[in-house]
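Tertiary structure, described
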Amino acid sequence: MLEALLSTKEDLVPFLLRIILAVVIFPHGAQKLFGWFGGYGFKGTYGYMTQQAGLPGIIAVLVILGESFGSVTLLLGFLTRFSAISIGIILLGATLLVHRQHGFFMNWFGAQQGEGYEYHILGIGIAVVLGITGGGIYSLDLWLQGLL
């Protein structure tokens, strides 16, 4: 089981994709967990997710931790498949529960009430690829795979 989870090849493409996804997701996780980048921190995000969005508390915690620590593990290439699929699920949930009602396009010109889901589709696509390929070259997964 662990071997399948760590499985990857010395490939540059998954490395590039996981760095891109980690760099994009990290600020969102830091907003939710620490209140960085104009976010509300753990307490505020948890309150919003459980009270306004109606999510169960455990799901709110998993989303906050998944974006925060999942982006860091992606950057390191550690448990890449698990981290990527987790982030993909979080993005799918955000698409269906929050952003779908605002349409496809981002709110570039302030012409709509919220943000569309085009960004989420890109993130989900990258997450699916990483779930299939693993972390690629320069990943802890590849290094650990060599130890097994």
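Residues numbered from 1 in each chain as written. Predicted model: local features only at pLDDT ≥ 70, side-chain atom pairs only at ≥ 80, totals over all residues. Heavy atoms only, no water.

With an unreviewed UniProt entry as reference, the protein chain is termed DoxX family protein, source organism Leptospira fletcheri. Looking at the Sequence similarities (unreviewed entry) heading of the UniProt record, one finds this comment for the protein chain: "Belongs to the DoxX family." (UniProt positions renumbered as here; feature names shortened; annotations may be inferred.)

So, on to the pattern of salt bridges. A full pass over the atoms with the stated rule returns one salt bridge. In this structure, the salt-bridge partner of glutamate 67 is lysine 32, at a minimum N-O distance of 3.1 Å. Of the two residues, glutamate 67 sits in helix H4 (residues 57-76) while lysine 32 sits in helix H2 (residues 12-34), which places them 35 residues apart along the sequence. Residues glutamate 67 and lysine 32 agree in their burial class; the two are buried. (Salt bridge = Lys/Arg side-chain N within 4 Å of Asp/Glu carboxyl O. Helix = DSSP H or I, 4+ residues; strand = E, 2+ residues; numbered from the N terminus. Buried < 20%, exposed > 50% of the residue type's maximum accessible area, 1.4 Å probe, protein only.)

Our focus in this paragraph is the nonpolar core. Core analysis: the largest hydrophobic core is formed by twelve residues, namely Leu17, Leu21, Ala22, Ile25, Leu74, Ala84, Ile87, Leu91, Ile124, Ile126, Ala127 and Leu130. Among the nonpolar cores identified, the runner-up in size contains six residues, and Leu33, Val63, Ile64 and Ile90 belong to it. (Core = buried A, V, L, I, M, F, W, Y, C linked by side-chain atoms within 4.5 Å.)

Take the side chain of asparagine 107 next. Here asparagine 107 shows up in the loop between helix H5 (80-99) and helix H6 (118-133). Looking at asparagine 107, the relative accessible area reads 19%, which means it is buried. In this structure, asparagine 107 is in contact with Gln112, Gly114 and Glu115, ignoring residues within four places of it in sequence. (Contact = heavy atoms within 4.5 Å.)

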